[in-house]
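Spelled out from the first residue to the last, the chains are:
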Amino acid sequence: MARAAIPAVAGAAYLAALLALDHYASYPEQLALGVLTWVVLAAVLVRVSPERRAQALGVVIFATIGEVTGSLIWGVYSYRLHNLPLFVPPAHGLVYLTGLALATALARHARALVIVAATGAAVWGILGLTVLPRRDVAGALLVPMLLVFLWRGRNRAIYAGVFLVVAALELYGTAIGTWQWARELPGLGIPDGNPPSGVASGYVWFDVMALLVAPYLIALTHRSGRATDDLRASAQSH
């Protein structure tokens, strides 16, 4: 189990260091962190199976759509430089792979992992409605969704692992000011936490969608590969 935990520890360490460096980075330095993170993600994807590669890329796609919508358009949260940092899209892929690595390392304790995640999400949601400094109604509304995924989902351990990674990064990222959440959902006036308890729960939705589309991405890649091979064979025959 210790050997299996190395990817999870390495992923968490890189993501924590990335956020810490961004806290002091200028815009050009932030761009450099983005390029580095894309390189790191590419290096990791080469080492995983095609299925996991497709899943991670799916998370990048859906999470980026969520980032553009939630931050740049809706304004639910904002990054330190009021932009969408270049490192954010590839970091989402690393977050997924880190959560997956955590679930793999604790495969023999999957049930306990799910229970810890479910308990943490439920307690966080309750605290956000009762004792935390900022009342967190918006976050609490999303917690039941995660609990349903953890109860009925086919990939419960993965969802649990990703939830724990995201929760830790959200608490750390907001604490050092890498991003901040609005006090209320813009246009709705619903109180929101910083971070909201449901953000990690909502993030699991990206994983659900990525797991659903991954088989289609793999099939599309295979078809494209076969088409390329056919074109090459046709060109050689002529």
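Structure's up top.
Within every chain, residues take consecutive numbers counted from 1 along the sequence as written. Only residues with pLDDT of at least 70 get local features here, since the model is predicted, and only at 80 or more are side-chain atom pairs given and counted; chain-wide, interface and lining totals rely on the full set of residues. Excluded from the side-chain calculation are hydrogens and water; included are all heavy atoms of the structure.

1. Things to note about the packing of aromatic side chains
Now for step 1: Aromatic rings from Phe, Tyr and Trp, taking only the six-membered ring of Trp, are treated as a pair when their centres fall within 6.5 Å; an angle between ring planes under 30 degrees marks them as stacked, one over 60 as edge-to-face, and anything in between as tilted. Tallied over the full model, the rule gives 4 aromatic pairs.
Now for step 2: Ring centres 5.9 Å apart and planes at 80° place the aromatic pair Tyr77 and Tyr79 in the edge-to-face group.
Now for step 3: Classification of residues uses two cut-offs on accessible area relative to the type maximum, computed with a 1.4 Å probe and protein chains only: under 20% is buried, over 50% is exposed, and between them is partly exposed. For Tyr77, a relative accessible area of 10% puts it in the buried group.
Now for step 4: With a centroid separation of 4.6 Å and an interplanar angle of 40°, the aromatic rings of Tyr77 and Trp181 are classed as tilted. Of this pair, Tyr77 sits in strand 1 (residues 77-79) while Trp181 sits in strand 2 (residues 179-181), placing them 104 residues apart in sequence. Accessibility classification places Tyr77 together with Trp181 in one group, the buried group.
Now for step 5: Ring pairs connect the aromatic residues Tyr77, Tyr79, Trp179 and Trp181, which therefore count as one cluster.
Now for step 6: By the criterion adopted, a ring carries a charge over it if an Arg CZ or a Lys NZ lies within 6 Å of its centre and within 35 degrees of its normal. Sitting over the face of the ring of Trp151, Arg152 holds its NZ or CZ atom 5.3 Å from the ring centroid. Secondary structure elements follow DSSP: runs of H or I of four or more residues count as helices, runs of E of two or more count as strands, with numbering from the N terminus.

2. Some details on the pattern of salt bridges
Now for step 1: Salt bridges are identified by distance alone: a Lys or Arg side-chain nitrogen within 4 Å of an Asp or Glu carboxyl oxygen. Following the criterion strictly, the structure yields 1 salt bridge and no others.
Now for step 2: The salt bridge partner of Asp22 is Arg80, with a shortest N-O separation of 3.8 Å. Residue Asp22 is located in helix 1 (residues 6-22), and its partner Arg80 is located in the loop between strand 1 and helix 4 (88-105); the two are separated by 58 residues in the primary sequence.
Now for step 3: Taking relative accessible area as the criterion, Arg80 reaches 25% and is therefore assigned partly exposed.

3. Topic: the packing of helix 5 (residues 110-130) against helix 7 (residues 156-175)
Now for step 1: Note on definitions: angles span 0 to 180 degrees between N-to-C directions of axes, and those axes are lines fitted to C-alpha atoms, for helices only across the stretch in contact. Contact geometry for helix 5 and helix 7: axes closest at 8 Å, N-to-C directions at 45°. Considering their axes alone, helix 5 and helix 7 lie oblique with respect to each other. Classified by chirality, the crossing of helix 7 by helix 5 is left-handed. Contact residues: Ala110, Leu113, Val114, Val116, Ala117, Gly120, Ala121 and Trp124 in helix 5; Arg156, Ala157, Ala160, Gly161, Phe163, Leu164, Ala167 and Leu171 in helix 7.
Now for step 2: Each residue receives one of three labels: charged for Asp, Glu, Lys and Arg, nonpolar for Ala, Val, Leu, Ile, Met, Phe, Trp, Tyr, Cys and Pro, and polar for the others, Gly being one of them. Residues belonging to the contact of helix 5 with helix 7 are distributed by class as follows: 13 nonpolar, 2 polar and 1 charged. What sets the label is the angle itself: under 35 degrees gives roughly parallel, over 145 gives roughly antiparallel, 65 to 115 gives roughly perpendicular, and the rest give oblique. Helix crossings are classified by the rotation of the near helix relative to the far one: an anticlockwise turn of less than a right angle makes the crossing left-handed, while a clockwise turn makes it right-handed. Contacts: residue pairs with any heavy atoms within 4.5 Å of one another.

4. Concerning the layout of surface pockets
Now for step 1: As a volume, the largest pocket reaches approximately 850 Å³.
Now for step 2: Together, 36 residues line the largest pocket, and Tyr77, Glu170, Trp181, Val199 and Phe206 are the ones closest to its centre.
Now for step 3: When residues of the lining of the largest pocket are traced back to their parent elements, those giving at least two are helix 1, helix 3 (50-73), strand 1, helix 4, helix 6 (137-152), helix 7, strand 2 and helix 8 (199-237).
Now for step 4: Across the lining of the largest pocket, the residue classes tally to 26 nonpolar, 7 polar and 3 charged.
Now for step 5: The calculated volume of the second largest pocket comes to roughly 480 Å³.
Now for step 6: Cavities and pockets were defined on a 1 Å grid built from protein atoms only: a cavity is a group of points that admits a 1.4 Å probe but offers it no way out, a pocket is an open group of points flanked by protein on both sides within 12 Å along at least five of seven lines, and a lining residue is one with an atom within 4 Å of any such point. Lining of the second largest pocket is provided by 16 residues; of these, Pro7, Val44, Val48, Leu97 and Ala101 occupy positions nearest its centre.
Now for step 7: Listing elements by their share of the lining of the second largest pocket, those giving two or more residues are helix 1, helix 2 (27-46) and helix 4. Grid points are joined across faces, edges and corners, and a volume is the space filled by probe spheres set on the points.

5. Section: the packing of helix 5 against helix 6
Now for step 1: The contact between helix 5 and helix 6 brings their axes to 9 Å, and the two run at 160°. Put simply, helix 5 runs roughly antiparallel to helix 6. Between helix 5 and helix 6 lies a crossing of left-handed hand. Here helix 5 contributes Val114, Ala117, Ala118, Ala121, Ala122, Gly125 and Leu129 to the contact with helix 6, which in turn contributes Val137, Ala140, Val143, Leu146, Leu147 and Leu150.
Now for step 2: Of the residues contributing to the contact of helix 5 with helix 6, the split by class is 12 nonpolar, 1 polar and no charged.

Read these as layout, nothing more, since geometry by itself doesn't imply function.
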